[in-house]
There are 2 protein chains.
Amino acid sequence: MGIVVQKFGGTSVATPRKIHDAARKVIAAKLAGKQVVVVVSAMGHTTDDLINLAHGVCPNPPKRELDQLLATGEQVTIALIAMALHAQGHEAISLTGGQIGLLTDSAHSKARIREIDKRRIQKELATGRIVIVAGFQGITEKGDITTLGRGGSNATLVALGAVLKAEVCENYTDVDGIFTADPRIVSDARKIDRISYDEMMELSSVGAGVLQTRAVEFARKYNVPIHVRNSAHEGPGTWIVAETQAMEHIVVSGCALKKDLTRVTLKNVPDRPGIVARIFTAVADEKIIVDDIIQNVLDDRTANISFTVEYGDVADLQPVIERLLAELGGSATYEKDLARVSVVGVGMKQQTGVAGAMFRALADAKINIQNISTSEIRISCIVARKDAEKALRAVHAAFNLGKKSPA
Amino acid sequence: MGIVVQKFGGTSVATPRKIHDAARKVIAAKLAGKQVVVVVSAMGHTTDDLINLAHGVCPNPPKRELDQLLATGEQVTIALIAMALHAQGHEAISLTGGQIGLLTDSAHSKARIREIDKRRIQKELATGRIVIVAGFQGITEKGDITTLGRGGSNATLVALGAVLKAEVCENYTDVDGIFTADPRIVSDARKIDRISYDEMMELSSVGAGVLQTRAVEFARKYNVPIHVRNSAHEGPGTWIVAETQAMEHIVVSGCALKKDLTRVTLKNVPDRPGIVARIFTAVADEKIIVDDIIQNVLDDRTANISFTVEYGDVADLQPVIERLLAELGGSATYEKDLARVSVVGVGMKQQTGVAGAMFRALADAKINIQNISTSEIRISCIVARKDAEKALRAVHAAFNLGKKSPA
């Protein structure tokens, strides 16, 4: 019997009524002959409410305790989904991250999954039950509760899909799928029917909000198809799958925006072997993601090193930087109000001229490019925060990604 | 170093401000040189809110799932208390019932504690940390979350006091201690300074709300003193301790009321050996507490059996009764709107005439007694619900328990 893993995000389980709607989708899969595992997020704004509650008690709460607090959000939802299924006449059992043995490292608030003990789930599925799993959470070997960071329920979804060898991971959200750009910013953005894991990873890493990069990376590694779809209707969404030959013709699949970046510049740090590694290891130890690294050598002995981080990580980053400067010498500046606009497409591997077309589109819109970074299938430009949305629209139009354009 | 276990009930942790107040009491004990373990309940009306949420999703939620849901309430509080202690400059760690290995049976919603693995707590105390434990919850050997029933946080408090060999279990509430009667009903009720475990157990079992009978039973078994005190001030409350010779002179220590009782009568059931055991074993299997049992033999073959239960247990009881009647024959009636008024005192063991004085007080108040039950240190009378409060006041006055009376 095939296994389907479904995930319902916070907006899809925000009220008792929506919980019953989600339960109906679960039952439909069960009645279609599948074994169904369901991953759920906290209801609506619960996680934000809990964070606010924590900050009302402690300005800088210990991360272990914040995880202990936040994990309750998903635990509430799993119990309620199991109850809704019971009310609709189906047997279900809810399981926390700890109860499915979802072991993580001990990086509280940004933990990584190490393994899942699938036996409890398989045992429950074998009795005909629907299994409801709390997303976003795990436990350490010591038994401490961890959370997997922003979008962590998707990590749970894909990890379960992989260990259970699921036919598909269905990611139910409040949008119709993955779009060529954020439709709230670009009015004629078009839904993408199929996209490769690589493209999706690049789009996620540069700001497309629906799926975390590492969830997609995990899906690619285990070749689990993800179907991103809208919980409000039955229509197909976007399938995220292995790359096919047909995809090579798509030069640009989509574009994305990351707002609220901060550029950190370390000035006059010693320019000798190992210093850069020292800096970025210290930053990585805090699980802060860094991009757009530039090193300018000033003279024989010193260099300026700059990079961008998300504004939300600056508070965690500052003490690290201060420790580094105390050790290495030099000073630091922080420039806020930056953004990054990116285009992604597997066809770039074969086709030249994509970068030029992007720079021309931004120049025509009178937007200054402050930095450029690229991968094999992505080009990104740092621009001022105030130009961010205009830049996205300009690029989207330049590559004819809109609804009225030929797909 | 001595260990103090403190417990804060829901009203004492209802807001971030009250959580900080509780944290200050914890720190005071720590600064007084004690190792401190803190047990907390869910904030304010959280448990009731979660029950309402559950009933909004499922009219009769599976008890396992209800426990999964309700246990989040205490998990929120432990994290917030640990954060408040951190904000006030003290190291603390929060632990769920599962994390301290509080093993229970699998009677969801009314589970009983089997054992506590104290090693994790002792390890954390040894590092100088304050340990915050979620009350009211445990886990089964399978790893399912259970709750301990009404007042279950007190069971956690006393069980921890016993396994950790604590100097005292401090039970912080929103009242000054144990009173000679409920002060909301009897205006001149007086706070009791010291009371024996036995008296407290009897008072709890007949309606004094502060402590569960089995929490006190456990404290008696391990001889752990309980100090019931008000979290709003520093004054002493009521000490619950082993019986002393001085206590023998107290004929009546206090009186209590249990409202909302239902009398169940099984009519025309067969009168043969083993039937009564069959009935009450079936009821006990549902963990429903039964009292005031009366058997009337009707003829050679049949009898009427009646008993009282709390109104809240009737929904769980009815299917049991129906199964019994299907097996044994006969019929059942349910009389609502009954109450029980009781007087308790260790001095009754030596002194006669207490029952007569109680019956006279009720007769003088023109209250009809429907049934009488007694123990060595308690006398209880079933009265109509409408007479309940008048009965309590009459009995309280008859035994001179008020503030103006000689203690």
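Preceding block: the structure.
Remember, it's a predicted structure, so these values are computed and weren't measured experimentally.

Asker: Run through the overall build of chain A, naming residues and quoting values.
Answerer: Looking only at helices and strands, chain A features 11 helices and 18 strands. A globule of 407 residues ought to have a C-alpha radius of gyration of about 22 Å, and chain A, at 22 Å, matches this closely. Reported as C-alpha extents along the three principal axes, the dimensions of chain A are approximately 70 × 55 × 35 Å. Taking all 407 residues of chain A together, 49% fall into the buried category. Partitioning the intrachain contacts of chain A with sequence separation of at least 6 by distance along the chain shows that 74% fall at a separation of at least 24.

Asker: Requested: an account of helix α10 (residues 354-364) of chain B, with residues and values cited.
Answerer: Residue and element names in this part refer to chain B. Along α10, the residues that are buried comprise M358, A361 and L362. Taken end-on, α10 shows its buried residues confined to a sector of 95°, consistent with a single buried face. Across from the buried face of α10, at angles greater than 90 degrees, the exposed residues are G356, A363 and D364. Immediately downstream of α10, the backbone of K366 shows phi near 60°, a positive value.

Asker: Go over the interface of chain A and chain B, please, and point to the residues and values.
Answerer: The partner chain B presents 28 residues to the 28 residues of chain A that form the contact. At the level of secondary structure, the elements contributing two or more residues to the side of chain A that touches chain B comprise α1 (16-31), α2 (46-57) and α3 (63-87) of chain A. Partitioning the side of chain A that touches chain B into residue classes produces 18 nonpolar, 9 polar and 1 charged.

Asker: Describe in detail the sheet that holds strand β1 (residues 3-8) of chain B, supporting the description with residues and values.
Answerer: Residue and element names in this part refer to chain B. Taken together, the 8 strands give an open sheet; going across it, the order is β3-β6-β2-β1-β9-β11-β12-β10, and neighbouring strands pair in mixed fashion. Where the open sheet ends on each side, the last strands, each with one partner, are β3 (92-95) and β10 (194-196). With strand direction ignored, the average angle separating the axes of adjacent strands in the sheet is 20°. Pairing geometry for strand β9 (residues 168-173) and strand β11 (residues 226-230), over 5 bridges, is parallel. For N171, the partnering residue across the bridge sits in β11 and is V228. Relative to the sheet, helix α4 (residues 119-126) contacts β2 (35-40), β3 and β6 (130-134), its axis offset from that of β6 by approximately 150°. Strand contacts of helix α6 (residues 197-205): β10 and β12 (238-241), with the helix running at about 85° to β10, the strand carrying the most contacts.

Asker: Give me the lowdown on the relation of the copies chain A and chain B, citing residues and values where you can.
Answerer: Note on the identical chains: chain A maps onto chain B by a rotation of 180° and an axial translation of 0.0 Å, with an RMSD of 0.1 Å. With respect to symmetry, the two chain copies, as superposed, fit the operation of a two-fold axis. Among all C-alpha atoms of chain A, that of T72 of chain A lies closest to the rotation axis, at 2.6 Å. A shared binding surface is used by both copies, with 100% of the interface residues of chain A retained as interface residues in chain B.

Asker: Can you explain the sheet that holds strand β17 (residues 371-375) of chain A? Please cite residues and give values.
Answerer: All names here are of chain A. In spatial order, the strands read β14-β15-β13-β16-β18-β17; together these 6 strands make up an open sheet with antiparallel pairing. Taken across any chain shown, the strands that pair with only one partner, and hence form the sheet edges, are β14 (291-297) and β17. Sheet twist, expressed as the mean angle between neighbouring strand axes with direction ignored, is 25°. The strands touched by helix α8 (residues 275-285) within the sheet are β13 (254-270), β14 and β15 (302-310), with β13 carrying the most contacts at an inclination of about 130°.

Asker: Can you tell me about the nonpolar core, naming the residues and giving the values?
Answerer: If you look at the biggest cluster of nonpolar residues, it comprises 234 residues, and the most contacted ones within it are I81 and I132 of chain A together with I81 and I132 of chain B. In terms of domain composition, this core takes at least three residues from each of domain 1 (3-174) and domain 2 (255-398) of chain B. Among all residues touching I81 of chain B, those that are not within four sequence positions of it are I19, A22, A23, V38, V40, S94 and I132 of chain B.

Asker: Before we move on, can you summarise the pairing of strand β3 (residues 92-95) of chain A with the specific residues and values?
Answerer: Residues and elements named next belong to chain A. Side chains A92 and S94 project from β3 onto one buried face, and the interleaved I93 and L95 project onto a second face that is buried too. The pairing of β3 with strand β6 (residues 130-134) spans 4 bridges and is parallel. Pairing of A92 across the sheet is with I130, part of β6.

Asker: Requested: an account of the environment of T140 of chain B, with residues and values cited.
Answerer: All names here are of chain B. Its place among the elements puts T140 in the loop between β7 (137-139) and β8 (145-147). It is 23 Å that separates the C-alpha atoms of T140 and Y222, two residues lying 82 residues apart in sequence. Not counting residues up to four positions away in its chain, the partners in contact with T140 are T104, S106 and T146.

Asker: Lay out unusual backbone geometry with the relevant residues and their values.
Answerer: For residues other than glycine, phi is negative in most cases, and the peptide bonds are mostly trans. Residues and elements named next belong to chain B. Phi angles above zero are rare outside glycine, and S109 is one such case at about 80°. By secondary structure assignment, the location of S109 is in the loop between β4 (102-104) and β5 (113-116). Assessed through the 17 C-beta atoms surrounding it within 10 Å, S109 is described here as partly exposed. You will see that F136, though not glycine, has its phi angle at about 75°, which is positive. Within the fold, F136 resides in the loop between β6 and β7.

Asker: I'd like a description of the packing of helix α2 (residues 46-57) of chain B against helix α3 (residues 63-87) of chain B, backed by residues and values.
Answerer: Residues and elements named next belong to chain B. Running from amino to carboxyl end, α2 crosses α3 at an angle of 150°, the nearest separation of the two axes being 9 Å. Here α3 runs roughly antiparallel to α2, going by the angle between their axes. Handedness of the crossing formed by α2 with α3: right-handed. In contact with T46, T47, L50 and A54 of α2, α3 contributes L66, L69, L70 and G73.

Asker: Lay out the environment of L164 of chain A with the relevant residues and their values.
Answerer: Residue and element names in this part refer to chain A. Mapped onto the fold, L164 is located in the loop between α5 (152-163) and β9 (168-173). For the pair formed by L164 and I121, sequence separation is 43 residues and the distance between their alpha carbons is 8.9 Å. Setting aside chain neighbours within four positions, we find L164 in contact with I3, V5, V37, K118 and I121.

Asker: Can you break down the environment of S196 of chain B residue by residue, with the values?
Answerer: Residue and element names in this part refer to chain B. Mapped onto the elements of the fold, S196 is located in strand β10. Among the residues examined, S196 registers 23 C-beta atoms within 10 Å and is labelled buried. Remark: the alpha-carbon pair of S196 and T244, spanning 48 residues in sequence, is separated by 7.8 Å. With sequence-adjacent residues up to four places away left out, S196 is seen in contact with V241, A242, E243, M247 and V346.

Asker: So what's going on with the packing of α8 of chain A against helix α9 (residues 314-328) of chain A? Residues and values would help.
Answerer: All names here are of chain A. Taken N-terminus to C-terminus, the directions of α8 and α9 make an angle of 150°; their axes are 10 Å apart at the nearest point. Here α8 is positioned roughly antiparallel relative to α9, judged by the angle of their axes. Crossing angle aside, the handedness with which α8 passes α9 is right-handed. Between α8, through I275, I279, A282 and V283, and α9, the contact on the second element is made entirely by L317, V320, L324 and L328. For the contact of α8 with α9, the per-class residue count stands at 8 nonpolar, no polar and no charged.

Conventions used here
Residues numbered from 1 in each chain as written. Chains lettered and ligands numbered in written order. Predicted model: local features only at pLDDT ≥ 70, side-chain atom pairs only at ≥ 80, totals over all residues. Helix = DSSP H or I, 4+ residues; strand = E, 2+ residues; numbered from the N terminus. Rg over C-alpha atoms; globule rule 2.2 N^0.38 Å. Buried ≥ 20, exposed ≤ 12 C-beta atoms within 10 Å, placed from the backbone. Contact = placed C-beta atoms within 7 Å. Arc of directions from axis to C-beta. Nonpolar A, V, L, I, M, F, W, Y, C, P; charged D, E, K, R; others polar. Pairing = 2+ DSSP bridges. Axes fitted to C-alpha atoms, helices over the stretch in contact; angles between N-to-C directions. Least-squares fit on C-alpha atoms with pLDDT ≥ 70 in both. Core = buried A, V, L, I, M, F, W, Y, C linked by C-beta atoms within 7 Å. Domains from an automatic or database assignment. Parallel < 35°, antiparallel > 145°, perpendicular 65-115°, else oblique. Left-handed = near helix turned anticlockwise from the far one by under 90°.

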